[in-house]
Amino acid sequence: MTKKIPNTDLLKVFNTNDDAGRDESSSTLKYDSLTSKLKNDKSTIPYFEALDFAFSQDDVKNIAVTGPYGSGKSTVIESFLSLHKKYFR
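Residues numbered from 1 in each chain as written. Predicted model: local features only at pLDDT ≥ 70, side-chain atom pairs only at ≥ 80, totals over all residues. Heavy atoms only, no water.

When helices and strands are tallied, the chain shows 3 helices and 0 strands. Going from the N terminus to the C terminus, the chain shows its helices and strands as α-α-α. The 89 residues of the chain split such that 15% are buried. With an accessible surface of roughly 7800 Å², the chain has 54% of that area assigned to carbon and sulfur atoms. (Helix = DSSP H or I, 4+ residues; strand = E, 2+ residues; numbered from the N terminus. Buried < 20%, exposed > 50% of the residue type's maximum accessible area, 1.4 Å probe, protein only. Areas by Shrake-Rupley, 256 points an atom, 1.4 Å probe, with all protein chains shown as cover.)

Following this line, the structure appears as structure tokens:
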């Protein structure tokens, strides 16, 4: 059986400073989930152009999207797929 630890107790375990991990203006946590989010702004243009090029080439069979944990690989892929359904059935 797993014991659930309240957020306040969890923060005390991982932080020596009681205010670490909290928003300065409130008592809420300031951390964000690392799950992918759909984006369509100027920051995605170079990635979408590269993927658009790769998918338009008949001889390209594999595409690698690389980067460190949390860098936005899944966000780029899922955002591209949501806007370019023409490539996928």
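Right, picking up where we left off after that structure.
When the terminal C-alpha atoms of helix H2 (residues 45-56) are compared, their 16 Å separation across 12 residues agrees well with the 16 Å that a helix rising 1.5 Å per residue should span. On the buried face of H2, the contacting elements are helix H3 (73-83). (Expected span 1.5 Å × (residues − 1). Contact = heavy atoms within 4.5 Å.)

Residues of the chain with pLDDT of at least 70 account for 66%, and the chain-wide mean is 77. Across the chain, element-level confidence peaks in H2 with a mean pLDDT of 91 and bottoms out in helix H1 (residues 7-14) with 51. (pLDDT = per-residue confidence, 0-100.)

Right, let's get into H3. For H3, the set of buried residues is Thr 75, Val 76, Ser 79 and Phe 80. Projected onto a plane normal to the axis of H3, the buried residues spread over an arc of 125 degrees and lie on a single side. Buried-residue contacts for H3 involve H2. (Arc of directions from axis to C-beta.)

Once that is clear, we can look at the packing of aromatic side chains. Applying the stated criterion across every chain, the model contains 2 aromatic pairs. Measuring from centroid to centroid gives 5.7 Å for Phe 48 and Phe 80, while their planes differ by 65 degrees, and the two rings are edge-to-face. Taken together, the residues Phe 48 in helix H2 and Phe 80 in helix H3 connect sequence positions 32 residues apart. Note on Phe 80: relative accessible area 1%, which makes it buried. Note on Phe 55 and Phe 80: the rings are 5.6 Å apart at their centroids and 15 degrees apart in plane angle, and the pair reads as stacked. Of this pair, Phe 55 sits in helix H2 while Phe 80 sits in helix H3, and the two are 25 residues apart along the sequence. Among the aromatic residues, ring-to-ring pairing joins Phe 48, Phe 55 and Phe 80 into one connected group. (Phe/Tyr/Trp six-rings, centres within 6.5 Å; stacked < 30°, edge-to-face > 60°.)

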